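Analysis of the macromolecular model
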Amino acid sequence: TACLVATAFVTVLISFRTSSTLSLAATSGRVSRSARLSVPVNRIFSPAGRSSFLPSPPRAACDDGAYLSAESKAELKRVADLIATPGKGITACDEGPGTIGMRFEAVGVTNTEENRRKYRQMLFETPGAADYLSAAILDPETLHQKSDTSGKLFPEALKDMGVMPGVKPHLKVYTLPGTGGETVMQGLDSLADRLREYKAAGAVFAKWRSPLVIGEGQPSDLAIQANMNDLARYALICQDEGLVPIVEPDVSLKGDHDLQTAMVANVRIQSALYKAMLDHGVYMEGTILKVNMVNPGKSCPKPYSVEDIAEANVHVLRQCMPVSIPGVNYLSGGQNLEDAAARLSIINKLKKNCPWNLSFSWSAALQMPLFELCRGKSEIPLSEMSDLYAKELKIAADAANGVHTPSGTDGAHVPPS
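The structure presented is a predicted model; accordingly, all values stated were derived computationally and were not measured. (Residues numbered from 1 in each chain as written. Predicted model: local features only at pLDDT ≥ 70, side-chain atom pairs only at ≥ 80, totals over all residues. Heavy atoms only, no water.)

Thoughts on the overall build of the chain
- The helix and strand tally for the chain stands at 14 helices and twelve strands.
- Classification of the 417 residues of the chain by burial places 51% in the buried group.
- Within the chain, contacts between residues at least 6 apart in sequence are counted, and of these 76% link residues at least 24 apart.
- Accessible surface, the chain as shown: approximately 18,600 Å² in total, 57% of it carbon and sulfur. (Helix = DSSP H or I, 4+ residues; strand = E, 2+ residues; numbered from the N terminus. Buried < 20%, exposed > 50% of the residue type's maximum accessible area, 1.4 Å probe, protein only. Contact = heavy atoms within 4.5 Å. Areas by Shrake-Rupley, 256 points an atom, 1.4 Å probe, with all protein chains shown as cover.)

What follows is the structure in structure tokens.
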């Protein structure tokens, strides 16, 4: 009798606590984190016919963003689908003042905030650019700068052109002890507060890059798990703050590994990423993947055709890419425009019934030729740069549509002599 009384008392407490939590959550407009982690109860019946209650497993993994409201999910999907517009891609101009400063100074341009502003404005307002761009990744500094054409802050000016503005949160590299130099990115602390600030400034998405390398014993399981879990937590925080997360595992081109080794490493990395995102309850339809192309190492002694490389990329996608993610935007990652465009175009020709939009998110491949125009000039040649940039964007968009025709050995891996 005492046991039955105790069981009934516990049952009442659990039922009351669960009902109260869910009632509070219902009045808030969306299921709160506390409700998401509360213990639901199931009613069961004993053989004797007496009813009892047992706690069910808490909702956590693979709940597809269940705590988000329907409106929040719809907006995340809307923005992700816009970024994945067929035939359009992302201009990545998120270099911090120090990084772009080194590029400026290498060609004789003084690194000032105004020079950075004018240069970024050219990237956004080149005539016809919006025909080829669905999004632009900005440095936090650029979020607060204005176009001197419209007088509007860049995020608002980009939205007026139909280009989604996003941001790269500032991160720091941390070397994992005992891994031979493998790294993780630090920046989850206070991320929610920073994302809230970026959203108020007009950003609709954010991007987090996790660099990895292929080498002897690398990438290690530790480096993969640490980086992919960080990417998943970042994605969860982004969506909680109303921003679409672009997740970016970036495998370096450095090394002498062959194409098969690269394929295996990328499948390990990407499958761990998607598992982590599902475990964290990320709403997959409201995300975008930015990823390296699968390539042999730059020093690989074995030659590969552009078709070999394109087939390797399609194979990796088919192995582990969730169909729920609307788009993949390949980074250039040390490739020049000719190689990156050739590979992307053939990937799109070979993808057949793959459901994803496969496009570009390029920085150096587009911008390094522009910087070269500055050599020997007293001022930034914005008009010349704009003309060349428009031609580059047309090549990139053609590659995203699978209609760019490579020249010669463009896109092939030619071993170093």
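Observations regarding the environment of K349
- With respect to the helices and strands, K349 occurs in helix α12 (residues 337-350).
- When residues no more than four places from it in sequence are discounted, the contact partners of K349 are G402 and H404.

Side note on the side chain of H413
- Checked against the element boundaries, H413 lands in the segment after α14 (382-400).
- The residues contacting H413, other than those within four sequence positions of it, are P296, G297, K298, C300, K302, P303, Y304, I309 and R343.

Considering the confidence of the model for the chain
- Counting all residues, the mean pLDDT for the chain is 89, and 85% of those residues have values of 70 or more.
- Across residues 1-49 the pLDDT falls below 50, and counting only partners more than four positions away or on other chains, this stretch makes 58 contacts in the model. (pLDDT = per-residue confidence, 0-100.)

A few points about empty space enclosed by the protein
- Under the defined criterion, the tally for this structure stands at one cavity of 30 Å³ or more.
- In this structure, the largest cavity encloses a volume near 50 Å³.
- Together, I214, V251, S252, L253, H257, A262, N266, N292, M293 and N295 line the largest cavity.
- The residue inventory of the lining of the largest cavity, partitioned by class, reads five nonpolar, five polar and no charged. (1 Å grid on protein atoms, 1.4 Å probe; cavity = no way out; pocket = protein on both sides within 12 Å on 5 of 7 lines; lining within 4 Å. Points joined across faces, edges and corners; volume = space filled by probe spheres on them. Nonpolar A, V, L, I, M, F, W, Y, C, P; charged D, E, K, R; others polar.)

Points about the environment of R117
- Tracing the sequence through the fold places R117 in helix α5 (residues 113-125).
- Sequence spacing of R117 and F154 is 37 residues, and the spatial spacing of their C-alpha atoms is 9.6 Å.
- Those residues within four positions of R117 in sequence are excluded, and the remaining contacts are Q145, K146, S147, D148 and F154.
- For R117, the side chain forms a polar contact with the side chain of E114, separated by 3.0 Å. (Polar contact = N/O pair within 3.5 Å; in protein donor to acceptor, adjacent residues only side chain to side chain.)

A short note on the sheet that holds strand β11 (residues 327-330)
- If you trace the eight strands once around the closed barrel, you get β3-β4-β5-β8-β9-β10-β11-β12, paired in parallel fashion. The sheet shows a mean angle of 25 degrees between the axes of neighbouring strands, direction not considered.
- Sheet analysis places strand β9 (residues 244-251) next to strand β10 (residues 288-291), joined by two bridges and oriented parallel. Each bridged residue has a counterpart across the sheet, and for V247 the counterpart in β10 is L289. (Pairing = 2+ DSSP bridges. Axes fitted to C-alpha atoms, helices over the stretch in contact; angles between N-to-C directions.)

What about the layout of surface pockets?
- Quantified by volume, the largest pocket comes out at close to 1,200 Å³.
- If you trace the largest pocket, you find 44 residues lining it, with R209, P211, E248, D250 and G333 closest to the centre.
- Of all the secondary-structure elements, those providing two or more residues to the lining of the largest pocket are α4 (97-106), β6 (172-175), β7 (183-186), β8 (205-212), α9 (221-240), β9 and β12 (357-362).
- Residues belonging to the lining of the largest pocket are distributed by class as follows: 16 nonpolar, 15 polar and 13 charged.

With respect to unusual backbone geometry
- The omega angle of the peptide bond from Q218 to P219 is 0 degrees, so this bond is cis rather than trans.
- With phi around 60 degrees, D64 is a residue other than glycine that occupies positive phi space.
- Residue placement: D64 occurs in the loop between β2 (51-55) and α3 (70-83).
- At S190, a position not held by glycine, the phi torsion is positive, near 65 degrees.
- Along the chain, the position of S190 falls in the loop between β7 and α8 (191-200).
- By relative accessible area, which is 44% here, S190 ends up partly exposed.

A look at the packing of aromatic side chains
- A complete count under the given rule lists six aromatic pairs for this structure.
- With 5.2 Å between their ring centres and 75 degrees between their planes, F124 and F154 make a pair best called edge-to-face. With F124 in helix α5 and F154 in helix α7 (residues 154-160), this pair connects stretches of sequence that are 30 residues apart. We note that F124, like F154, is buried. (Phe/Tyr/Trp six-rings, centres within 6.5 Å; stacked < 30°, edge-to-face > 60°.)

Observations concerning helix α11 (residues 306-320)
- For α11, which comprises 15 residues, the first-to-last C-alpha distance of 22 Å matches the rise-based estimate of 21 Å (1.5 Å per residue) to within 8%.
- Within the sequence span of α11, burial applies to V306, I309, A310, A312, N313, V314, V316, L317 and C320.
- Packed against the buried residues of α11 are α10 (259-279), β11, α12 and β12. (Expected span 1.5 Å × (residues − 1).)

A short note on the nonpolar core
- Ranked by internal contacts, the top residues of the largest apolar core, which has 115 residues, are Y119, F205, Y234, V328, Y330 and W362.
- Among residues more than four places away in sequence, those in contact with Y119 are I100, F104, Q367, L370, F371, L382 and M385. (Core = buried A, V, L, I, M, F, W, Y, C linked by side-chain atoms within 4.5 Å.)

Concerning the side chain of S361
- Structurally, S361 is set in strand β12.
- Reaching out from S361, the side chain makes a polar contact with the side chain of K290 at a distance of 3.0 Å.
- Among all residues touching S361, those that are not within four sequence positions of it are I90, A92, I137, K290, N329, Y330, L331 and S332.

Examining α4
- Residues of α4 that are buried: I100, G101 and F104. Take α4 and look down its axis: the buried residues cluster within an arc of 110 degrees, on one side only. Residues of α4 that are exposed and point over 90 degrees away from its buried face: M102 and A106.
- On its buried face, α4 sits against α5 and α13 (364-372).
- In the segment just after α4, G108 is the residue with positive phi, at about 90 degrees. (Arc of directions from axis to C-beta.)

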